[in-house]
Amino acid sequence: MTLHAEGVSRSAGGHLILDGVDLALRPGHTTGVLGPNGSGKSTLLRLLAGLLSPACGLVTLDGYPLGELRRRAVARRVAVVEQQADTQVELTVADVVGLGRVPHRRPWTPGSPDDEQAVRTALEQAGLTGHAERAWHTLSGGERQRVQIARALAQQPRELLLDEPTNHLDIQHQLDLLALVAALPLTTVVALHDLNLAAMYCDDLLVLGRGRVVARGTPDEVLTEELIAQVYRVRADVTPSGPEGRPHIRFLGTLPPPRPAEGERRVG
Amino acid sequence: MSHGIRPATRGGLLWGAGLAVLCASIALTVTIGPASIGVGDVWSTIAARLGWGTSDLTRLREEIVWNLRLPRVLLAAVCGAGLAVCGAVMQSLLRNPLADPFVLGVSSGASTGAVVVVVLGAGGGALSVSGGAFLGAVCSFALVLLLSHTLGGTPDRVVLSGVAAMQLFSALTSFVVMTGADAETTRGVLFWLLGSLGGAGWTDVWLCLAVLLAVLVVCLGYCRTLDAFAFGQDAAASLGVSVARTRLVLLCATALLTGALVSTAGAIGFVGLVLPHAARALTGPGHGRLLPACALTGAVFLVWADTLARTVLDPQEVPVGVVTSLVGVPAFVLVLYRTRRGVRSAS
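So, how was this worked out
- Residues numbered from 1 in each chain as written.
- Chains lettered and ligands numbered in written order.
- Predicted model: local features only at pLDDT ≥ 70, side-chain atom pairs only at ≥ 80, totals over all residues.
- Heavy atoms only, no water.
- Helix = DSSP H or I, 4+ residues; strand = E, 2+ residues; numbered from the N terminus.
- Buried < 20%, exposed > 50% of the residue type's maximum accessible area, 1.4 Å probe, protein only.
- Areas by Shrake-Rupley, 256 points an atom, 1.4 Å probe, with all protein chains shown as cover.
- Rg over C-alpha atoms; globule rule 2.2 N^0.38 Å.
- Contact = heavy atoms within 4.5 Å.
- Lys, Arg positive; Asp, Glu negative; His and termini not counted.
- Charge placed at Lys NZ, Arg CZ, Asp CG, Glu CD.
- Pairing = 2+ DSSP bridges.
- Axes fitted to C-alpha atoms, helices over the stretch in contact; angles between N-to-C directions.
- Buried area = accessible area lost by both parts, 1.4 Å probe.
- Salt bridge = Lys/Arg side-chain N within 4 Å of Asp/Glu carboxyl O.
- Polar contact = N/O pair within 3.5 Å; in protein donor to acceptor, adjacent residues only side chain to side chain.
- Expected span 1.5 Å × (residues − 1).
- Parallel < 35°, antiparallel > 145°, perpendicular 65-115°, else oblique.
- Left-handed = near helix turned anticlockwise from the far one by under 90°.
- Nonpolar A, V, L, I, M, F, W, Y, C, P; charged D, E, K, R; others polar.
- Phe/Tyr/Trp six-rings, centres within 6.5 Å; stacked < 30°, edge-to-face > 60°.
- Bend = angle between axes of the 7 residues up to and from the residue.

(A) Representation of the overall build of chain A. Summing up its helical and strand segments, chain A has nine helices and 12 strands in all. Principal axes of the C-alpha set define a box for chain A whose edges measure 60 × 40 × 35 Å. Of all 268 residues assigned to chain A, the portion counted as buried reaches 48%. When the accessible area of chain A is evaluated, it comes to approximately 12,600 Å², of which 51% is carbon and sulfur surface.

Below, the structure written as structure tokens:
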């Protein structure tokens, strides 16, 4: 049992952002959420994290509605890594990773050996051993994301939600980061823009278009030339030439905008 | 400056040293003043009053120590500690390095309340100056909460609402003083507005100390929650923090403490803004260490600032708020300069 969304909808400013989305996760697998800008990826992740509550529908964790669980209890199960986190506070890597222990600690009690152990393990898993005393503001973008993942791991979650974690990273760090995430023994949901990265590292994919589910399945089921044309309005050439025979997408150009009635959202 | 995991013994040593400095400061500053009194006299008076022995001091000198100097110095310590803790909590909670007890408008509301009582005689004698000040503080804070909630309740809205309330109540204070007060009252009011610990009695000390300790215990219970705000309120929420409840509890606690302090000692500026930054340079950003450090450094700072205020132009007294700003600004600049790498990376 894990996170489960049933027919969730959410609107903002009079616009329907998500419209009846279902999502069932496979425990221990990595699910990629794809879709153009404004398709509702971030909103879906925030609903799954319990940071927003759905206007209709239900998000459950092990069968219990998220809204009925205590925030602290949810944070011990579900960890979130944002697109880009920053702070003005002068923190070290160990301080930031230590924040992951917040949901595990009771007020007026000192930290326990468990906390220190969890921080050490998280640093190790994220490949940051030896960096504990470095200052946050001296880290590169890739290192910061790694630290945020280590912080999430220090929460000792079973579900990990990442919202476009590879934005602003160079290609080596993108691959590093997603390889790290995919290798974790957690039930992971990651919102992504890059279709090739999604093909390489995700077990399952969910494609959103204007707040609705357009497709779901394994990468080779979902990432087809037709779907890319339909959702992104881009011509592409898809071949099974990626690692382990996964689909590889070569982009050929944009397609003309759809008929005016559909009113494609301008991106940029 | 190093952060992170530190041996507990070192922390213990730091607190021991801090407490020792505070006690020594209190003992020393009590001896400073027109009547010459030694540290030994202070101890024998305190011991005699607590029933641990007899003092060989004259009755008058004992009175000076016990009823004039000691309450004043202790009140200075409590006010310094309280204002610094309030500042630290608000800076973290609102993610704004400029937040301090004045930003919530509490101080200016208190000033207006006091002025209305002094100048207009509101309450017909039933309401003391500090009573009026406390009412003013509560009204102003309620206004700020209401306004910021209507505007969306985000941290920047709270700060903006506080600034608006501050301006409004400052204007009201000026208006009341200009239209209703004679020259003598104006002088007295001005003195109070800049902060004064003169006339402190034991009741003031106990009352403020009780509020300080209660608020400190609450804030320490929230210290890891405050740490979680480092990356913003969404990040805090994803770490299991109930953001709205935390903000309400801590804003109310700090407003209560500020109200109590300002209604007793006037609007002493600068301590709440600056001391948290200085304390952060000493302990790092973790609130479990930062809040006690703020309390200690704030207490020591204001004890000495008030001693300066009452001795530098003796027999005249300078409002302590003037001293805190004159001494504090250079210290502030120094602290900011020494921690500038953090600021640079954020720009």
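(B) A look at the overall build of chain B. When helices and strands are counted, chain B shows 15 helices and zero strands. Relative to the globule expectation of 20 Å for 347 residues, the C-alpha radius of gyration of chain B, 21 Å, shows essentially globular dimensions. Referenced to the eigenvectors of the C-alpha coordinate spread, the extents of chain B come out at roughly 65 × 60 × 35 Å. Residues classed as buried in chain B amount to 52% of the 347 residues present. Once local pairs closer than 6 in sequence are excluded, the contacts in chain B between residues at least 24 apart make up 74%. When the accessible area of chain B is evaluated, it comes to approximately 15,100 Å², of which 70% is carbon and sulfur surface. Of the side-chain charges in chain B, 20 are positive and 14 negative, and the distance between the mean point of each set is 15 Å.

(C) Structural view of the sheet that holds strand β8 (residues 187–191) of chain A. Residue and element names in this part refer to chain A. Pairing in this open sheet of six strands is mixed, and the strands run β6-β7-β8-β3-β9-β10 from one edge to the other. Each edge of the open sheet is held by one strand with a lone partner, namely β6 (78–81) and β10 (212–217). Taken pair by pair, the neighbouring strands of this sheet meet at an average axis angle of 15°, ignoring direction. Across the sheet, helix α9 (residues 225–232) is in contact with β3 (30–34), β9 (204–209) and β10; its angle to β10 comes to roughly 160°.

(D) Structural context of the interface of chain B and chain A. On the side of chain A, 36 residues touch chain B, which itself brings 27 residues to the contact. Each partner contributes to the roughly 2,600 Å² buried at the junction of chain B and chain A, and carbon and sulfur atoms together form 59% of this total. Of all residues in chain B, R224, F231 and L239 of chain B bury the most surface against chain A, accounting for 30% of the area lost on that side. At the boundary of chain B and chain A, one finds one salt bridge. With its nearest N and O atoms 2.9 Å apart, the salt bridge here joins R46 of chain A to D234 of chain B. There are seven residue pairs in polar contact (both at pLDDT 80 or more) connecting chain B and chain A.

(E) Representation of helix α5 (residues 141–154) of chain A in the model. Residues and elements named next belong to chain A. The terminal C-alpha atoms of α5, which comprises 14 residues, lie 20 Å apart, in line with the 20 Å expected from a rise of 1.5 Å per residue. In terms of residue burial, α5 counts as a mostly covered element, since 12 of its 14 residues are buried. Along α5, the positions that sit buried rather than exposed are G142, R144, Q145, R146, V147, Q148, I149, A150, R151, A152, L153 and A154. In this fold, the buried residues of α5 make contact with β6, α3 (93–98), α4 (113–125), β7 (159–163) and α6 (171–183). Following α5 by one or two positions, Q156 has its phi on the positive side, about 50°.

(F) Fine view of the side chain of Q145 of chain A. Its location among the elements puts Q145 of chain A in helix α5. Contact partners of Q145 of chain A, with chain neighbours within four places excluded, come to V81, E82, Q83, P165, L169 and L177 of chain A.

(G) The packing of helix α8 (residues 202–221) of chain B against helix α11 (residues 243–265) of chain B, seen in detail. Residues and elements named next belong to chain B. For the pair α8 and α11, the least separation of the axes is 10 Å and the interaxial angle reads 165°. Relative to α11, the element α8 lies roughly antiparallel. As α8 runs across α11, the sense of the crossing is left-handed. Here D204, C208, V211, L212, V215, V218 and C219 of α8 lie close against α11, whose contacting residues are V249, L250, A253, L256, L257, A260, L261 and T264. Split into classes, the residues belonging to the contact of α8 with α11 amount to 13 nonpolar, one polar and one charged.

(H) Representation of the side chain of D115 of chain A. Residues and elements named next belong to chain A. Here D115 lies in helix α4. Among the residues examined, D115 registers a relative accessible area of 7% and is labelled buried. With near-sequence residues (within four places) excluded, D115 lies in contact with R101, H104 and R105.

(I) Looking closely at the packing of aromatic side chains. Scanning the model with the defined rule gives three aromatic pairs over all chains in all. Here the aromatic rings of W136 of chain A and F231 of chain B are separated by 5.0 Å at their centres, their planes lie at 80°, and the arrangement is edge-to-face. Pair noted here: W136 of chain A is in the loop between α4 and α5 and F231 of chain B is in the loop between α9 (223–228) and α10 (233–238), and the two residues belong to different chains. Neither W136 of chain A nor F231 of chain B differs from the other in exposure class; each is buried. An aromatic cluster of three or more residues is present, and its members are W66, W202 and W206 of chain B.

(J) Helix α14 (residues 320–338) of chain B, seen in detail. All names here are of chain B. Counted at 1.5 Å a residue, the expected span for α14 with its 19 residues is 27 Å, and the 26 Å between its end C-alpha atoms agrees. Along α14, the largest kink reaches about 35° and is centred on G328; proline P330 follows within four residues of it. Considered for burial, the residues of α14 that qualify are V320, G321, V323, T324, G328, F332 and V335. Packing partners of the buried residues in α14 comprise α12 (271–283) and α13 (287–311).

(K) Broad picture of the pattern of salt bridges. Counted by the stated rule, this structure contains 17 salt bridges over all chains. Among the salt bridges present, the one from R101 of chain A reaches D115 of chain A, with a minimum N-O distance of 2.8 Å. Pair noted here: R101 of chain A is in the loop between α3 and α4 and D115 of chain A is in helix α4, with a separation of 14 residues, a long-range link. Classification of R101 of chain A by relative accessible area gives buried; the value is 4%. A salt bridge links R72 of chain B to E317 of chain B, with the nearest nitrogen and oxygen atoms 2.9 Å apart. Residue R72 of chain B is found in helix α3 (residues 59–93), and its partner E317 of chain B is found in the loop between α13 and α14; the two are separated by 245 residues along the sequence. Classification of R72 of chain B by relative accessible area gives buried; the value is 10%.

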